[in-house]
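One-letter residues, chain by chain:
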Amino acid sequence: AMTPQATALALRVGFGFDVHPLTPGRPLILGGVAIPSDVGLLGHPMRTHIQAAVLKHRLLSPGQRLLVAVSGGADSVALLLALADAAPALKLRLAVAHLNHGIRGRCADRDAAFVLELAKKLGIPAFLAKTDVPALAREEGLSIEMAARKARYRFFEDTARKMRAAAVATAHTADDQAETVLLKLARGAGPRGLAGIPRSGRTGRLKVIRPLLDVT
């Protein structure tokens, strides 16, 4: 099976790939290659990892709705594909959330179009919005990075509330975890301040889960 990153990049480069929804008993067609339905889009290892992470760490309960944050980059697309593959076994109902930050012009518009098309082909509802992060940064005296994060999580919280989702899943990986700890070390954080990214936590009223935190 392809790695999640390779699959995500293949989808990204081959925007016109015919990717059928995950229908039981029906193979997926990716770039003209049929992938048996019992293997799934990402193969057994990734599906098994997602299922194990959700169950072991009690991230969700069967029957719950989950919002998946998808930027269009390789990690978030891999997360969406893995969760779509594992959702039937975990009895989860998925939806996609994508926010255009109003920073990257046509590139951001292409990301939004890609995410929407992928969600449609997977048969998953998608919620897309656009905001003006530079304006928010000026109004509130924030850096672009902090303003983007604030806008993003505000959008996730509003969308999760509207669809009654139990949580939002983000695509933080082990690489992000290591980078966070190193950054805190560089800033002189003590032992208590060196905690990395939590697997599950809350941002305001929003529950955030990170099923890929052990994946590099």
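Scroll up to find the structure.
Attention in this report is confined to the structure presented alongside it. (Residues numbered from 1 in each chain as written. Predicted model: local features only at pLDDT ≥ 70, side-chain atom pairs only at ≥ 80, totals over all residues. Heavy atoms only, no water.)

Focus: the overall build of the protein
Right, so step 1: The number of helices and strands found in the protein is seven helices and eight strands.
Right, so step 2: When each of the 216 residues of the protein is scored for burial, the buried share is 41%.
Right, so step 3: With an accessible surface of roughly 11,200 Å², the protein has 56% of that area assigned to carbon and sulfur atoms. (Helix = DSSP H or I, 4+ residues; strand = E, 2+ residues; numbered from the N terminus. Buried < 20%, exposed > 50% of the residue type's maximum accessible area, 1.4 Å probe, protein only. Areas by Shrake-Rupley, 256 points an atom, 1.4 Å probe, with all protein chains shown as cover.)

Side note on helix 6 (residues 144-163)
Right, so step 1: End to end, helix 6 covers 28 Å across 20 residues, agreeing with the expected 28 Å (1.5 Å per residue, within 8%).
Right, so step 2: Among all positions in helix 6, only Ala147, Ala148, Ala151, Tyr153, Phe155, Phe156, Glu157, Thr159, Ala160 and Met163 are buried.
Right, so step 3: Just downstream of helix 6 lies Arg164, where phi reads positive at about 55°. (Expected span 1.5 Å × (residues − 1).)

Digging into the packing of helix 5 (residues 133-140) against helix 6
Right, so step 1: Close contact between helix 5 and helix 6 brings their axes to 8 Å; oriented N to C, the two are set at 110°. When the axis of helix 5 is compared with that of helix 6, the two are roughly perpendicular. Between helix 5 and helix 6, the contacting residues are Val133, Pro134, Leu136, Ala137 and Glu140 on the first element and Ile144, Ala147, Ala148, Lys150, Ala151 and Arg154 on the second.
Right, so step 2: Taken together, the residues of the contact of helix 5 with helix 6 sort by class into eight nonpolar, no polar and three charged. (Axes fitted to C-alpha atoms, helices over the stretch in contact; angles between N-to-C directions. Parallel < 35°, antiparallel > 145°, perpendicular 65-115°, else oblique. Contact = heavy atoms within 4.5 Å. Nonpolar A, V, L, I, M, F, W, Y, C, P; charged D, E, K, R; others polar.)

Structural notes on the pattern of salt bridges
Right, so step 1: Enumeration according to the criterion identifies six salt bridges in this entry.
Right, so step 2: Here Arg104 and Asp111 are joined by a salt bridge, their closest N and O atoms 2.8 Å apart.
Right, so step 3: Here Arg161 and Asp158 are joined by a salt bridge, their closest N and O atoms 3.4 Å apart. Taken together, the positions of Arg161 and Asp158, both in helix 6 and three residues apart, correspond to about one turn of that helix.
Right, so step 4: For Arg161, a relative accessible area of 47% translates into the label partly exposed.
Right, so step 5: For Asp158, a relative accessible area of 28% corresponds to the partly exposed category. (Salt bridge = Lys/Arg side-chain N within 4 Å of Asp/Glu carboxyl O.)

Examining the sheet that holds strand 7 (residues 200-203)
Right, so step 1: Pairing in this open sheet of six strands is mixed, and the strands run 5-4-3-6-8-7 from one edge to the other. The sheet is open, and its two borders are formed by strand 5 (126-130) and strand 7, each paired with just one other strand. Averaged over all pairs of adjacent strands, the angle between strand axes in this sheet comes to 30°, irrespective of strand direction.
Right, so step 2: Relative to strand 8 (residues 206-209), strand 7 runs antiparallel, the two sharing four bridges. Looking at the pairing, Ser200 lines up with Ile209 of strand 8.
Right, so step 3: Sheet strands in contact with helix 3 (residues 74-90) are strand 3 (65-69), strand 4 (93-100) and strand 6 (167-169), and its direction is about 155° off that of strand 3. (Pairing = 2+ DSSP bridges.)

Side note on the side chain of Thr170
Right, so step 1: For Thr170, the position within the fold is in the loop between strand 6 and helix 7 (174-186).
Right, so step 2: Each residue touching Thr170, except ones within four places of it in the same chain, is listed here: Ala69, Leu79, Tyr153, Val208, Ile209, Arg210 and Pro211.

Regarding helix 3
Spacing of three or four residues puts side chains on the same side of an α-helix, whose turn is 3.6 residues.
Right, so step 1: Helix length check: helix 3, at 17 residues, gives a terminal C-alpha distance of 23 Å against a target of 24 Å (1.5 Å per residue), a fit within 8%.
Right, so step 2: Within helix 3, the axis deviates most sharply at Ala84, by approximately 30°, and proline Pro88 lies no more than four positions further along. (Bend = angle between axes of the 7 residues up to and from the residue.)

Here we look at the environment of Pro62
Right, so step 1: For Pro62, the position within the fold is in the loop between helix 2 (44-56) and strand 3.
Right, so step 2: Given a relative accessible area of 63%, Pro62 falls into the exposed group.
Right, so step 3: Separated by 31 residues in the primary sequence, Pro62 and Arg93 place their C-alpha atoms 9.1 Å from one another.

What to know about unusual backbone geometry
Right, so step 1: At Arg58, a position not held by glycine, the phi torsion is positive, near 50°.
Right, so step 2: Relative to the assigned elements, Arg58 resides in the loop between helix 2 and strand 3.
Right, so step 3: A relative accessible area of 74% means that Arg58 is categorised as exposed.
Right, so step 4: Of note in the backbone geometry, Arg164 takes a positive phi value of approximately 55° without being a glycine.
Right, so step 5: With respect to the secondary-structure elements, Arg164 resides in the loop between helix 6 and strand 6.

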